[in-house]
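# Chains, contacts and geometry: an overview
These are the residues of each chain, in order.
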Amino acid sequence: MTKAIKERNRITLAAIELARDKNFHNIPHNERMHLISEVLALGENIANGISKEFGTSDPRKIADLMGVKISGDEAGNLKKSEYRKKEKQIVIFHDTLRRITSEITVPELSDRILRCLIAHELFHHIEEVKVGSIYKRFKFKGKLWFNYYIKGLSDVAAQAFTQKLLGLEFSPLVFDYLTYIMFTSDFKN
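For every chain, the first residue of the written sequence is number 1, and numbering continues from 1 along that sequence. Thresholds applied to this predicted model are a pLDDT of at least 70 for local features of residues and 80 or more for the giving and counting of side-chain atom pairs; totals over whole chains, interfaces and linings are not thresholded and use all residues. Hydrogens and water molecules were not included; the side-chain quantities draw on all heavy atoms of the structure.

### Considerations on the side chain of E127
Convention followed: To qualify as a helix, a DSSP run of H or I must reach at least 4 residues; to qualify as a strand, a run of E must reach at least 2; elements of each kind are numbered from the N terminus. Here the term buried applies to any residue with accessible area under 20% of the maximum for its type, exposed to any over 50%, and partly exposed to those in between, with areas from a 1.4 Å probe on protein chains only. None of His or the chain ends enter the tally, which takes Lys and Arg as positive and Asp and Glu as negative. We count a salt bridge whenever a side-chain nitrogen from Lys or Arg sits within 4 Å of a carboxyl oxygen from Asp or Glu. Throughout, a contact is declared for two residues whenever any of their heavy atoms are within 4.5 Å.
Within the secondary structure, E127 is located in helix α5 (residues 107–131). No salt bridge is formed by the buried E127. Its closest oppositely charged neighbour is R137, at 7.5 Å. Discounting chain neighbours no more than four positions away, the residues touching E127 are G132, S133, I134, Y135 and S154.

Here it is as structure tokens:
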């Protein structure tokens, strides 16, 4: 039963992430759940393939083997990290990371957060050089002749990739919501 609860929580967090895109609401409810499950499975499969290909599940080692530089920048203006494709670089923003880790009393968790950020951005590099943009695999019919994409599908796949690669029991999206809570003035002391 706990496995079912974990999966339901993971799907719910992905749905909340996708709900930010107004186009996601155009998809019938029963199709949304199938879409989310499919995208989560894609992220997991890519994690399995990458860890098998490189013989490790350490995102730092994989990035190094793929020629991706990991660096830091001081000010991210609430962004935690980003992938810069032209530079083949993952950037971790120190100001945001410091604010998150300042609330953590378990040192191992701080390192886990950093590894989550690196793995998430590594996924975007893998999209760029190996598998293509996940969100572009799903084109939806809009009104009249317009088609649309939901870019957040790539982030949902990145979260599933991160969770699988790092062997996490929970979705890394939890950190996004913790960050949101920490940085909104309503919750500050």
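### Considerations on the confidence of the model for the protein chain
Defined as follows: By definition, pLDDT measures how confident the predictor is in each residue, and it falls between 0 and 100.
With 87% of its residues at a pLDDT of at least 70, the protein chain reaches an overall mean of 87. The secondary structure element of the protein chain with the lowest average pLDDT is helix α7 (residues 173–183), at 63, and the one with the highest is helix α3 (residues 59–65), at 98. In this model, residues 185–189 is a region of pLDDT below 50 whose contacts with residues beyond four sequence positions or in other chains number 4 contacts.

### Points about the environment of P59
As for its placement among the helices and strands, P59 is situated in helix α3. Judged by relative accessible area, which is 0%, P59 ranks as buried. The sequence separation of P59 and L166 amounts to 107 residues, and the corresponding C-alpha distance is 8.2 Å. Not counting residues within four places of it along the chain, the set of residues in contact with P59 comprises R115, I118, A119, L122, L165 and L166.

### Concerning helix α6 (residues 152–166)
Note the cut-off: Residue count minus one, scaled by 1.5 Å, sets the expected span of a helix.
Here α6 is 15 residues long and its end C-alpha atoms lie 21 Å apart, about the 21 Å a rise of 1.5 Å per residue gives. Among the 15 residues of α6, 13 are classified as buried, and the element is accordingly described as predominantly covered. At the C-terminal side of α6, G167 shows a positive phi close to 65 degrees.

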